[in-house]
Amino acid sequence: MNRLINPLMAASVVLLASACAKLERIEVSPAKVELAEAGQAVTLSARGLTEDGKPVEKAQFEFVTSDAQVATVDATGKVTAVKSGSASITVKSGEKSASAPVEVVIPSAIVIKGAPFTLTGIGSQATVEAEVQDDASRPVKDAKLEYAAADANVVEVSGNQLVAKGVGTASVTATSGKLKQAFDVTVKLPDVDTVAFETVPATLKVGESASLAVVAKATDGAAIQGVSFTFTTSDEKVATVDATGKVTAVKAGAVTIKAEGGSKAAETKLTIKKK
């Protein structure tokens, strides 16, 4: 009979000891909560431990938030994001407590510095400086940004570099997750200081054609790409010229070809000889 009773008594002693174990510290998991959307939730789990790290059975816990405007917490330890900011959830059991920091970062806007952009000269470039901010106007660390141009003929985007491709205005959109922010990029040409003919044949025979090359230069002497020219002839009976600068000899004589671009003009004379 004693052999049957002793094991039962031993088990009762163990259960009683566990029930009477003193809670010395509280362990909270996860140790830190990070939330990225309003309404997103994470449930904290807590357990009481004795001084030597053994679990305390049936420990009761109370959860309290330091800032309900940032994150709320219910009786079960469910933490819910409200708006961007920092808070702390305190877990209590009797006189003991522990806490878990809560960081709420809700991406809210993409801020483009220096927009809108103006690029002067084909091939000119600009670097876009932008950041994603949360709804507390704090920068969101490690937020990825991508850019796309609505018209690649005006501006080309490579990473965060803008490259001017043609005169005009195009919209560029920055995207980060669900966020989008558009800004305008205008490409214009530098002011033309001079216009000059580069290649002019000494003479043309009746029936022959030649294409005249014209260059526009800025005040620093650099050639300006993308300038459009209009061409005129002083005498179409001697030689004609089309919109591209192609001259065709009609009859013997002398003629002046004029090129205009960027409010500047240049002239060159041609001698037309008989065949």
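Residues numbered from 1 in each chain as written. Predicted model: local features only at pLDDT ≥ 70, side-chain atom pairs only at ≥ 80, totals over all residues. Heavy atoms only, no water.

Colleague: Any chance you could explain the overall build of the chain here in plain terms?
Modeller: The helix and strand tally for the chain stands at one helix and 27 strands. The C-alpha radius of gyration computed for the chain amounts to 39 Å, which surpasses the reference 19 Å derived for 275 residues by more than 25%, pointing to a less compact arrangement than a globule. With the C-alpha coordinates of the chain rotated into their principal frame, the extents come out at 140 × 40 × 25 Å. The proportion of buried residues among the 275 residues of the chain is 31%. Accessible surface, the chain: about 16,400 Å² in total, of which carbon and sulfur atoms supply 50%. Between the averaged position of the 30 positive side-chain charges in the chain and that of its 31 negative side-chain charges there is a distance of 5 Å. (Helix = DSSP H or I, 4+ residues; strand = E, 2+ residues; numbered from the N terminus. Rg over C-alpha atoms; globule rule 2.2 N^0.38 Å. Buried < 20%, exposed > 50% of the residue type's maximum accessible area, 1.4 Å probe, protein only. Areas by Shrake-Rupley, 256 points an atom, 1.4 Å probe, with all protein chains shown as cover. Lys, Arg positive; Asp, Glu negative; His and termini not counted. Charge placed at Lys NZ, Arg CZ, Asp CG, Glu CD.)

Colleague: Just to check I follow, could you spell out the packing of aromatic side chains for this structure?
Modeller: The geometry of an aromatic ring pair is captured by two quantities: the separation of the ring centres and the angle between the planes. Going through the model one piece at a time under the given rule, you end up with two aromatic pairs. Between the aromatic rings of Phe229 and Phe231, the centroid separation amounts to 6.5 Å while the plane-to-plane angle is 45 degrees, which identifies the pairing as tilted. With relative accessibility at 17%, the residue Phe229 sits in the buried group. A relative accessible area of 13% places Phe231 in the buried class. (Phe/Tyr/Trp six-rings, centres within 6.5 Å; stacked < 30°, edge-to-face > 60°.)

Colleague: For this particular structure, what's the right way to read the sheet that holds strand β11 (residues 117–120)?
Modeller: What holds strands together in a sheet is hydrogen bonding between their backbones, with the strands either parallel or antiparallel. Strand order across the open sheet formed by four strands is β11-β18-β17-β14, with mixed pairing between neighbours. The open sheet has two edge strands with one neighbour each: β11 and β14 (146–149). Sheet twist, expressed as the average angle between the axes of neighbouring strands with direction ignored, equals 25 degrees. (Pairing = 2+ DSSP bridges. Axes fitted to C-alpha atoms, helices over the stretch in contact; angles between N-to-C directions.)

Colleague: Explanation requested: the pairing of strand β16 (residues 161–164) in the structure shown.
Modeller: Pairing geometry for strand β12 (residues 125–127) and β16, over three bridges, is antiparallel. Looking across to β16, one finds that Thr127 is bridged to Gln161. Here strand β15 (residues 155–158) runs beside β16; their pairing, made up of four bridges, is antiparallel. Bridge pairing in β16 links Glu156 to Val163. A loop of two residues connects β15 with β16, the two strands running antiparallel in sequence, and Gly159 in this loop sits at a positive phi of about 65 degrees.

Colleague: I would appreciate a short explanation of the sheet that holds strand β6 (residues 71–73) in the present structure.
Modeller: Here we have three strands laid out as an open sheet, ordered β3-β7-β6, and antiparallel in their pairing. The open sheet terminates on both sides in strands that have one partner only, identified here as β3 (41–43) and β6. Direction aside, neighbouring strands of the sheet carry axes that sit 20 degrees apart on average. Sheet topology places β3 next to strand β7 (residues 78–81); three bridges connect them, and they run antiparallel. From the neighbouring strand, Ala41 faces β7, where its bridge partner is Thr80.

Colleague: Please explain unusual backbone geometry as it appears in this structure.
Modeller: Both trends apply: most residues other than glycine have a negative phi, and most peptide bonds are in trans. Cis geometry marks the peptide bond from Ser29 to Pro30, where omega comes out at -5 degrees. Positionally, Pro30 belongs in the loop between β1 (25–29) and β2 (33–35). A cis amide bond links Ala115 with the next residue in sequence, Pro116, at an omega value of -5 degrees. On the secondary structure map, Pro116 appears in the loop between β10 (107–113) and β11. Positive phi, normally seen in glycine, also occurs at Lys58, with a value near 55 degrees. Among the secondary structure elements, Lys58 is positioned in the loop between β4 (45–49) and β5 (62–65). Its identity is not glycine, yet Asp142 carries a phi of approximately 60 degrees, on the positive side.

Colleague: Mind showing me how you'd approach the environment of Val91 here?
Modeller: Mapped onto the secondary structure, Val91 falls in strand β8 (residues 85–93). Through-space distance from the C-alpha of Val91 to that of Ile26 is 7.7 Å; in sequence the pair is 65 residues apart.

Colleague: How should the environment of Phe61 be read in this particular structure?
Modeller: Its place among the elements puts Phe61 in the loop between β4 and β5. Distance from Phe61 to Ser97, taken between C-alpha atoms, is 9.1 Å for residues 36 residues apart in sequence.

Colleague: Mind showing me how you'd approach the nonpolar core here?
Modeller: Nonpolar side chains in soluble globular proteins generally cluster together in the buried interior. Within the largest apolar cluster, 25 residues are counted, with the highest numbers of intra-cluster contacts made by Phe197 and Val247. Listed by contribution, the elements that provide at least two residues to this core are β19 (194–199), β22 (213–217), β24 (239–241), β25 (246–249), β26 (253–261) and β27 (264–273). If we skip the residues at most four places from it in the chain, Phe197 touches Leu212, Ala213, Val214, Phe231, Ile257, Lys258, Ala259, Ala266, Glu267 and Thr268. Val28, Leu35, Ala71 and Ala98 belong to the second-largest nonpolar core, a separate cluster that totals 21 residues. (Core = buried A, V, L, I, M, F, W, Y, C linked by side-chain atoms within 4.5 Å. Contact = heavy atoms within 4.5 Å.)

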